[in-house]
Amino acid sequence: MISYQLSHLGALEAEAIHILREMAAERERPCLLFSGGKDSIVLLRLAEKAFRPARFPFPFLHVDTGHNFPEVIEYRDRRAQQLGERLIVARVEDSIASGRVVEEKGPRASRNRLQTTTLLDAIEAHQFDACIGGARRDEERARAKERIFSHRDEFGQWDPKNQRPELWSLYNTRLRKGEHFRVFPISNWTELDVWSYIQREKIDLPSIYFSHRRTVYRRDGMLYATAPFTELLPGESTFEETVRFRTVGDMSCTGAVMSDASTIEQVIEEVAASRVTERGATRADDRFTEAAMEDRKKEGYF
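All of these numbers come straight from a predicted model, not from anything done at the bench.

1. So, the sheet that holds strand 8 (residues 222-225)
- The strand order around the closed barrel formed by 4 strands is 7-8-10-9, and the pairing between neighbours is antiparallel. On average, each strand axis in the sheet is inclined to that of its neighbour by 65 degrees, with strand direction left out of account.
- Bridge count between strand 8 and strand 10 (residues 255-258): 2 bridges; the pairing is antiparallel. Residue pairing in the sheet places Leu-223 in a bridge with Ala-256 of strand 10.

Written out as structure tokens, the structure reads:
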């Protein structure tokens, strides 16, 4: 008898592909949340392996704050076109214009927290019953409470105390009218796993994930990229620094890290040596309170 043993990445890949196929078999109107960030880029490669040469059984959905990194938006559009898949862009600016949300003002203003309303409105408008996301359990404490098939009620809200057991990788995918799932195929991956998979699969990424010179300013111990909407506080000034981004999101709350890592191999070395999670190091929106992420997730955030 011949015995086959999967590698660590092979086992993670097989689990994620199984989850994607299970979701496609059980839900009628899924979508894939695609931001152009590395985790959702990995989801695209997994979806290719799960469903190609057929078309994906879902469109892409991106909630665009209007304050995203230009390099990431360019990558998002280019990748969707290359794959020939449908991209739906839900814009926070439209939510502001329609009065659904009120835009913050001042130097610390951010549209990041406004995304929840835009996302929930898009889910309702398109009647999505499953949203596939690239969240991982090692990112943040609230993320660690998620199930792989994470239930949301008819208001799009998450109750961490009322989630379904997933023993032996069996998933309860039943829903009542108006409810939906957030599905996380790479829940069991780490940041290092993601980068190792990107290296193995030779996946192209937006350039901001690698070392480059950028005009930045320092605030609350973090480095932020300047943008047309940037308002500096008294005493703040801009300067050039060699940086890269570990995670991407709204520019107003996503910090850079000083880094000379210009190749995937160098990034992997850097990530392996890091003792701070990517969100803990570079996402200001998680610093409002100890339970900032959990509070937003209960309201319907990603």
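Having seen it, we continue.
2. Points about the layout of surface pockets
- The volume enclosed by the second largest pocket comes to roughly 400 Å³.
- Lining of the second largest pocket is provided by 20 residues; of these, Ile-123, Glu-124, Glu-154, Gly-178 and Glu-179 occupy positions nearest its centre.
- Per-element accounting of the lining of the second largest pocket gives the leading share, 5 residues, to helix 5 (residues 115-126).
- Taken together, the residues that form the lining of the second largest pocket break down as 5 nonpolar, 5 polar and 10 charged.

3. Some remarks on the packing of aromatic side chains
- Enumeration over the complete set of coordinates arrives at 11 aromatic pairs.
- Centre to centre, the rings of Phe-51 and Phe-58 are 5.8 Å apart; their planes meet at 80 degrees, and the pair counts as edge-to-face.
- Among the residues examined, Phe-58 registers a relative accessible area of 3% and is labelled buried.
- These aromatic residues form a ring-pair network of at least three members: Phe-34, Phe-51, Phe-56, Phe-58 and Phe-60.

4. Some remarks on empty space enclosed by the protein
- The final tally for this structure, using the stated rule, is 2 cavities of 30 Å³ or more.
- As a volume, the second largest cavity reaches approximately 30 Å³.
- Taken together, Ala-135, Arg-136, Arg-137, Arg-143, Glu-146, Phe-184 and Ser-187 form the lining of the second largest cavity.
- For the lining of the second largest cavity, a count of residues per class yields 2 nonpolar, 1 polar and 4 charged.

5. Concerning the packing of helix 1 (residues 8-26) against helix 2 (residues 38-51)
- Their axes nearest at 9 Å, the elements helix 1 and helix 2 cross at an angle of 70 degrees. What the angle tells us is that helix 1 and helix 2 run roughly perpendicular. In this structure, the crossing between helix 1 and helix 2 has a hand that is right-handed. Within the contact between the two elements, helix 1 uses Glu-13, Ala-16, Ile-17, Leu-20, Arg-21 and Ala-24 and helix 2 uses Leu-46, Ala-47, Lys-49, Ala-50 and Phe-51.
- Residue composition of the contact of helix 1 with helix 2, grouped by class: 8 nonpolar, no polar and 3 charged.

6. Considerations on helix 3 (residues 70-83)
- Taking 1.5 Å per residue as the helical rise, helix 3 with its 14 residues ought to reach 20 Å, and the 20 Å between its terminal C-alpha atoms agrees with that figure.
- For helix 3, the complete set of buried residues consists of Val-72, Ile-73, Tyr-75, Arg-76, Arg-79, Ala-80 and Leu-83. Along the axis of helix 3, the buried residues cluster in a sector spanning 160 degrees; they form a single face. Seen from the open side of helix 3, the exposed residues pointing more than 90 degrees away from its buried face are Pro-70, Gln-81 and Gln-82.
- Turning to helix 3, the residues buried within the fold contact helix 2, strand 2 (60-64) and strand 3 (87-91).
- Taken from the residues just after helix 3, Gly-84 is the one with a positive phi, measuring 70 degrees.

7. Concerning the pattern of salt bridges
- What the rule picks out here adds up to 29 salt bridges.
- Measuring nitrogen to oxygen at the nearest pair gives 2.8 Å for the salt bridge that ties Arg-52 to Glu-85. With a gap of 33 residues between them, Arg-52 in the loop between helix 2 and strand 2 and Glu-85 in the loop between helix 3 and strand 3 connect regions that are remote in the sequence.
- Look at Glu-85 and you get buried, because its relative accessible area is 9%.
- In this structure, the salt-bridge partner of Arg-78 is Glu-74, at a minimum N-O distance of 3.0 Å. On the criterion of helical spacing, the pair formed by Arg-78 and Glu-74 is a turn pair, its members being 4 residues apart in helix 3.
- Residue Glu-74 is classed as partly exposed on the basis of its relative accessible area of 41%.
- Taken together, the shared-partner salt bridges in this structure form one network comprising Glu-13, Arg-45, Glu-48, Lys-49, Arg-79, Arg-200 and Glu-201.

What counts and what doesn't
- Residues numbered from 1 in each chain as written.
- Predicted model: local features only at pLDDT ≥ 70, side-chain atom pairs only at ≥ 80, totals over all residues.
- Heavy atoms only, no water.
- Pairing = 2+ DSSP bridges.
- Helix = DSSP H or I, 4+ residues; strand = E, 2+ residues; numbered from the N terminus.
- Axes fitted to C-alpha atoms, helices over the stretch in contact; angles between N-to-C directions.
- 1 Å grid on protein atoms, 1.4 Å probe; cavity = no way out; pocket = protein on both sides within 12 Å on 5 of 7 lines; lining within 4 Å.
- Points joined across faces, edges and corners; volume = space filled by probe spheres on them.
- Nonpolar A, V, L, I, M, F, W, Y, C, P; charged D, E, K, R; others polar.
- Phe/Tyr/Trp six-rings, centres within 6.5 Å; stacked < 30°, edge-to-face > 60°.
- Buried < 20%, exposed > 50% of the residue type's maximum accessible area, 1.4 Å probe, protein only.
- Parallel < 35°, antiparallel > 145°, perpendicular 65-115°, else oblique.
- Left-handed = near helix turned anticlockwise from the far one by under 90°.
- Contact = heavy atoms within 4.5 Å.
- Expected span 1.5 Å × (residues − 1).
- Arc of directions from axis to C-beta.
- Salt bridge = Lys/Arg side-chain N within 4 Å of Asp/Glu carboxyl O.

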